[in-house]
Amino acid sequence: MADIDPKKSAEKNGRQVSENQLTVYIDDQPYQVDKNDNLLAGVLANQLNLPYFCWHPSMGSVGACRQCAVTQYQDENDSRGRIVMACMTPVSDGMRIGLQEQHASEFREQVIAAMMTNHPHDCPVCAEGGECHLQDMTVMTGHSARHYSGKKRTFTNQYLGELVGHEMNRCITCYRCVRFYKDYAGGKDFDVYGSKNQVYFGRQTDGVLESEFSGNLVEVCPTGVFTNKLFSAHFTRKWDLQSAPSVCSHCAVGCNTSIGERYGAVRRVVNRYNEQLNGYFLCDRGRFGIGFVNGEQRIRKVSGIRQQSAEKLTKLDVAKALVHFKGQKFIGIGSGRASLEANAYLKKLVGSDGFCAGLTGRQMALAAQHKLALHRYPAPGIPEIEQSDLVLVIGEDITQTSPRIALAVRQALRNAGLAKAATIGIASWHDSAVRTVGGKLFSPLFSLQGMPTKLDDVCQQKLLLSPRETEHTLEVLNQQLRLLLGITSEQGKASAKGDISADRKAFISELIPMLLRAKNPLIISGWSHESAAVFAAINELMEILHSDACMGHQAGVGQEEKQDEATADKQPRAKLVLLPPQSNTTGLLHLSDAQTLSLEQVLSRLTKEQQTGDIVDGVIILENELPALSEQQAALLREQAETLIVVDHSQTPFTEMADILMPAAPVSEGDGHFVNYQGLCQRYYQVHASVLPVLDSWRWLNLIESSIFNAGAYGGQKPQQFKEVHSLTELDLYLSEQGIEWPFDSKELHREKQIARQSHRASGRTAQMANISVHETKTTQSPSSEFGFSMEGLAADAAPDRPFSWAPGWNSNQSVNMLPGQGADTSPKLDFANPNVLLESWPLVTEVEDETALSSQDKHSLTFIDHRQWFQNEWQSSVNPEFRMLCPGNQLIVASDYAREQSWQPGDYVAFSFSLPGEEHARQGIARLLCHDELPAHLVAGNLLAPGRSSGEGVIRLSPAQASDITLYQQAEQERLAQAKADKTALLERLKRADQTIPIRMVAGGLEDV
Amino acid sequence: MFSQVRTIWQVLKHTFTKADTVEYPEQKPYLAPRYRGRIVLTRDPSGEERCVACNLCAVACPVDCIALQQTIDEDGRKRPEFFRINFSRCILCGFCEEACPTYAIQLTPDVELCEYERHNLVYEKEHLLIEGPGKYPDYNFYQQSGIAIADKGKGQGVQEAPPVDIRGLMP
């Protein structure tokens, strides 16, 4: 069973000897294993086959399944040995074990045989078949014939929502699901019931799983109890998927994913292991949000360009449509969901003075503060977040905006328990023991939020405040810290004024000593409240924590005085994570400079061009739905721009009004880089060739440049050589030649062979298109790409290059454990130089405090805090019918006291009228009321905003709703749900029809590479 | 000399033996029921399609000439949305039949697969599906598999215990 290759182990000996490694003799061969890990992890790290179920690299060992039995020998003379469970055995130097010893091997086979007595014979209809850990392990132990002739146990299944399917018959009771859902991710609505042979994993009653990590059950379950329902509805086997390494496009964390495609349609997203970032887990938005690429709202045709030949659009057609704009002045609006290349290219075309990042003035001020923070305090990756021993979350519900970070924070909070366990000698992988010792002991989490969040259950201290109060609290905190550390306030900053309430005082006085004592404090905030002042206060706090005075204080608090100071403690400890809303917003920060326009400036330039003589002929909108613009502003933009060119993949208000509309490729069909919250430029690769005329945005921009901006005819700039680019590598080279600060060393990668996007078992090649033509087409060529659209090619050697995870004998995603790790991260990291330029253009404007005026004016005016759930707050994924079905309709959370005062019950419907800052017209409607005990009476948290829209605090008034309005609203809600359901069915039908007509591309490239 | 005479004698002798040539197609050779000829899709004893679109035949096929797509019908059964065999590529090796876990795909003793147009050799599901159960008259996958479909609930199949009452107190 074990793969014994003396050469390999000798090579390992030579290479990996380090302090953390021990030598263990496995079947008399020496191997190096990590001394802090258990034996099973050590065996697997040496790529030796040893079956297991309940162990998980992130979740540790519990010894529940008894599958990883090995023989342990006392010394070299011991020939009998004894059976131990590898996952529960710590390693020691010179330890001798046997994988192939007969008793252990028989033991493992019998364990599988026992599991198989009740495992149903439904592999053919099981969505896990072909990537099933149980199948792999059964084959590995050699169990092939069934000896049990009794009846098989059955269970009834539960409805767990539209995303995760449930088939309890298949369960082998490894407990991984409940350990992930409850222990690891902090879910409350999933548990294990029953005893003995009747153990049941599920909810108390049928219902939608509440956790935003429920999709991980599919990957965590070693067999098919939990399945991806969206994948099952349009199913294909793992071996048939054509996959490529990709990056999640739904938030700024940039989790690595692998997207799978078959017959021209994207089928699913799975996690792609990246030890520097997302590890083994994804959030549900990342996993289930991909549906938009198949959606009805996708743009698949050009408009405004006359196509000469009936067959296809040519470059000449595009040139003819664009050529009469030659030399005109354009403003370009970039986007946080377009690739870094596309944004940089757009900026190059329109010039720095014509580039708008698609942000409002308010957001630009925020961006300026954010860029400063990124420049000064490099953001930690998720493994580093998990090492923090104090977390302060400010004004961002990370569980809903960037759930993967919240999951990491949850792990960070376990550090106190882990440390306690370590003092009595329990290793961190000893999961149940650590949890027993740790109990409810958590590292401190302090939270300053506008609304209740899912992390509240593990919070040490929390305050529910409006953004403005948050800012004020932070100022007081900074001031007290400065006083304590004896730092004089620079530039005579006004000391925070006014008294603060007792609870805020208590919060601060509890926070300060812990903050100063913490070894790895972490501060997390984000863009949800759009409050530049909060970011400025956070920057100031970081400055204090990084100041010499603070470090001196910390060193003084520590026991060892001078030595400590002299050695490692000069390193500033506090880390900062700021979470922007979109997958590439950080890339926009990199591109923004002093001249970058805000949306308001774009509008004013368009409307005032006659007076100022600053003529702007047109606007290019790049993959941006501009949610911040109201309908009137959008209409104004359209009216004032003579020409409107829109490049986008899905319908937006602007695609309707565009003069020229160019269909862009979304993340699954294009190539590019997204810059995550840390500034890592992560590459996503084309999963399948797009159907023409859908092209990458940067290919469209290349065509636009050749017609409009070519030959330096515009702006009096130095004429530059226009170059036609055929691949992303060429584009990167081209852009770096243009003097754009570019993070990539644009070497062409020379591989002898491409890496295969398909598995070596991909089937149906000579039949899948036979209904169209019996003569098989060649596979799509992709010159100058690292990946080929074929089953032939190399297997990727490094983890980031793996289109899918597979190892010999390991077909499931557990194969990750059998593949060599990736080592250092290879993605280039941007530096955010010159943040001050942006700060000077967008200084922090202290908002006029009219709180007193507001409160005296009207007692019923409340502060509205945006609180949308993970399936509502991102524009691309929110079109998915399943996500729309999850939406509960308008909901407002008010303080219980306030509700009582108004004599409203939770669940009542109320009429609201609310407006955001700068909005003239109040929005009105009906919403369901929810109550929360700890919410202050002047705050209302709700999900009234459209997906993609973000805002600061709004003003809202509530009043009792008319019965007739409630009926109307309920009808509208029912219609909305029915519509989502109908859309779901229609989409599936369309996809099934499309399976019969697979699009043919000879070359994956530009417009004329058919 | 003797050898030549003997050879002529041997040749002439064959004039009076029975010819081995079979007058095909007027006269058809005997092909055993398990001969590997044209592929069919069969139905289970209740008359429903046996194929559950598990893709094992497609992956077993050495020439990749089977393509299909699974769909879940309203009765909870999985069926192929389309099932296509390109007989112009098929080598009649029978691996698909061996791989099939539900006895759906079977090879028949029909070898007459000749067409003037190659594309006429592309068979879709309606061309492949026959009315009967083929060589295995009794097998019904859904009775064996433990999953619930419209006319068979949990615990109603062969060798299945009734569903566990998870709210029961008995151990």
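Everything that follows concerns the structure shown earlier in this document.
Residues numbered from 1 in each chain as written. Chains lettered and ligands numbered in written order. Predicted model: local features only at pLDDT ≥ 70, side-chain atom pairs only at ≥ 80, totals over all residues. Heavy atoms only, no water.

## Observations concerning the interface of chain B and chain A
Each partner contributes to the interface: chain B provides 46 residues, whereas chain A provides 49 residues. Among the residues chain B hides against chain A, the three largest losses belong to B:Asp64, B:Gln159 and B:Val164. Together they make up 15% of the total. Counting across the interface, chain B meets chain A through 4 salt bridges. Of the charged contacts in the structure, one is a salt bridge between B:Arg89 and A:Glu776, with a shortest N-O distance of 2.4 Å. Linking chain B to chain A there are 27 residue pairs in polar contact (both at pLDDT 80 or more). Among the elements that line the side of chain B that touches chain A, the one with the most residues is strand S2 (residues 66-72) of chain B, at 7 residues. Looking at the side of chain B that touches chain A residue by residue, the classes come out as 24 nonpolar, 12 polar and 10 charged. Direction of pairing for strand S6 (residues 152-154) of chain A relative to strand S6 (residues 160-163) of chain B: parallel, over a ladder of 2 bridges. (Contact = heavy atoms within 4.5 Å. Buried area = accessible area lost by both parts, 1.4 Å probe. Salt bridge = Lys/Arg side-chain N within 4 Å of Asp/Glu carboxyl O. Polar contact = N/O pair within 3.5 Å; in protein donor to acceptor, adjacent residues only side chain to side chain. Helix = DSSP H or I, 4+ residues; strand = E, 2+ residues; numbered from the N terminus. Nonpolar A, V, L, I, M, F, W, Y, C, P; charged D, E, K, R; others polar. Pairing = 2+ DSSP bridges.)

## So, the pattern of salt bridges
Residues and elements named next belong to chain A. Using the criterion set out here, one finds 52 salt bridges over all chains in the structure. Taking the shortest distance from any N to any O, the salt bridge between Lys 182 and Asp 191 comes out at 3.0 Å. A residue is classified by how much of its surface remains accessible, and Lys 182, at 34% relative accessible area, is partly exposed. The exposure class assigned to Asp 191 is partly exposed, which follows from its relative accessible area of 23%. For Asp 897, the salt bridge is made with Arg 900, and the minimal N-O distance between the two is 3.3 Å. Pair noted here: Asp 897 and Arg 900 are both in helix H32 (residues 896-901), with a separation of 3 residues, about one helical turn. The exposure class assigned to Asp 897 is partly exposed, which follows from its relative accessible area of 47%. Here the residues in one salt-bridge network are Arg 179, Arg 414, Asp 431 and Arg 435, joined through shared partners. (Buried < 20%, exposed > 50% of the residue type's maximum accessible area, 1.4 Å probe, protein only.)

## Some points on the packing of helix H17 (residues 467-485) of chain A against helix H18 (residues 502-517) of chain A
Each pair of packed helices can be described by the angle between their axes along with the distance between the axes. Residues and elements named next belong to chain A. One can describe the packing of H17 onto H18 by two numbers: an axis separation of 10 Å at closest approach and a directional angle of 50°. By the angle class used here, H17 and H18 are oblique. Seen from above, H17 lies across H18 with right-handed handedness. Contacts from Glu 469, His 472, Thr 473, Val 476, Leu 477, Gln 480, Leu 481, Leu 484 and Leu 485 of H17 reach H18 at Arg 504, Ile 508, Leu 511, Ile 512, Leu 515 and Leu 516. A breakdown of the residues in the contact of H17 with H18 according to their chemical character gives 10 nonpolar, 3 polar and 2 charged. (Axes fitted to C-alpha atoms, helices over the stretch in contact; angles between N-to-C directions. Parallel < 35°, antiparallel > 145°, perpendicular 65-115°, else oblique. Left-handed = near helix turned anticlockwise from the far one by under 90°.)

## A closer look at the packing of aromatic side chains
All names here are of chain A. Counted according to the given criterion, the structure contains 28 aromatic pairs over all chains. For the ring pair Phe 446 and Phe 507, a centre distance of 5.6 Å and an interplane angle of 90° mean the geometry is edge-to-face. Here Phe 446, found in strand S17 (residues 445-449), pairs with Phe 507, found in helix H18; they are 61 residues apart in sequence, far enough to count as distant. Its relative accessible area of 0% is what places Phe 446 among the buried residues. (Phe/Tyr/Trp six-rings, centres within 6.5 Å; stacked < 30°, edge-to-face > 60°.)

## Brief notes about the sheet that holds S17(A)
Residue and element names in this part refer to chain A. Read from one edge to the other, the open sheet built from 5 strands follows the order S18-S17-S16-S19-S20, with strand pairing classed as parallel. At either margin of the open sheet sits one strand with a lone partner, and together these are strand S18 (461-464) and strand S20 (575-579). Recorded for the sheet is a direction-independent mean angle of 10° between the axes of neighbouring strands. Inspection of the sheet shows strand S16 (residues 390-394) paired to S17 by 4 bridges, in the parallel sense. For Val 391, the partnering residue across the bridge sits in S17 and is Leu 445.

## Let's talk about the side chain of A:Asp122
Its location among the elements puts A:Asp122 in the loop between helix H3 (102-116) and helix H4 (133-141). Residue class for A:Asp122 comes out buried when judged on its relative accessible area of 1%. Setting aside residues up to four positions removed in sequence, A:Asp122 forms contacts with A:Glu167, A:Arg170, B:Phe141, B:Ser145 and B:Ile147.

## Side note on the pairing of strand S1 (residues 21-26) of chain A
All names here are of chain A. Only one face of S1 is buried: it carries Leu 22, Val 24 and Ile 26, and the other face, with Gln 21, Thr 23 and Tyr 25, is open. Note that S1 and strand S2 (residues 29-34) share 6 bridges and pair antiparallel. Bridge assignment links Thr 23 to a residue of S2, and that residue is Gln 32. Count of turn residues in the S1/S2 antiparallel hairpin: 2 residues, of which Asp 27 carries a positive phi of about 50°. Sheet analysis places S1 next to strand S5 (residues 95-98), joined by 3 bridges and oriented parallel. Among the inter-strand pairings, Val 24 is bridged to a residue of S5, identified as Met 95.

## Some words on the side chain of A:Asn817
Among the secondary structure elements, A:Asn817 is positioned in the loop between strand S27 (787-788) and helix H29 (835-841). Residues in contact with A:Asn817, not counting those within four places in the same chain, are A:Leu44, A:Tyr52, A:Trp55, A:Pro57 and A:Tyr280.

## Some points on the pairing of strand S32 (residues 939-942) of chain A
Sheet faces and side chains relate simply in a regular strand, where the side chains alternate between the two faces. All names here are of chain A. With burial as the criterion, each face of S32 is covered, one bearing Leu 939 and Ala 941 and the other bearing Val 940 and Gly 942. Pairing between strand S29 (residues 891-895) and S32: 2 bridges, direction antiparallel. When the sheet's bridge partners are listed, Ile 893 is paired in S32 with Ala 941.

## Looking at the environment of A:Ala536
Residues and elements named next belong to chain A. Following the sequence through the fold, Ala 536 ends up in helix H19 (residues 532-546). Note on Ala 536: relative accessible area 15%, which makes it buried. Sequence spacing of Ala 536 and Arg 362 is 174 residues, and the spatial spacing of their C-alpha atoms is 13 Å. Ala 536 has contacts with Gln 369 and Leu 844, leaving out every residue within four places of it along the chain.

## Structural notes on helix H11 (residues 361-376) of chain A
Relative to the 22 Å expected for 16 residues at 1.5 Å per residue, H11(A) spans 23 Å between its end C-alpha atoms, a close match to the ideal helical length. Most of H11(A) sits inside the fold, with 13 of its 16 residues counted as buried. (Expected span 1.5 Å × (residues − 1).)

## So, unusual backbone geometry
Omega for the peptide link from A:Leu692 to A:Pro693 comes to 5°, which places this bond in the cis form. If you trace the backbone, A:Pro693 turns up in the loop between strand S25 (681-684) and helix H27 (697-709). With an omega of 10°, the peptide bond between B:Tyr24 and B:Pro25 qualifies as cis. Relative to the helices and strands, B:Pro25 is located in the loop between helix H1 (2-13) and strand S1 (39-41). The residue A:Arg66 is not glycine, and still its phi comes out positive at about 60°. One can find A:Arg66 in the loop between helix H2 (39-45) and strand S3 (69-73). In this structure A:Arg66 comes out as partly exposed when scored by relative accessible area, which is 38%. Positive phi, close to 55°, is recorded for B:Ala53, a residue that is not glycine. Considering the arrangement of structural elements, one finds B:Ala53 in the loop between S1 and helix H2 (56-60). Classification of B:Ala53 as buried rests on a relative accessible area of 1%.

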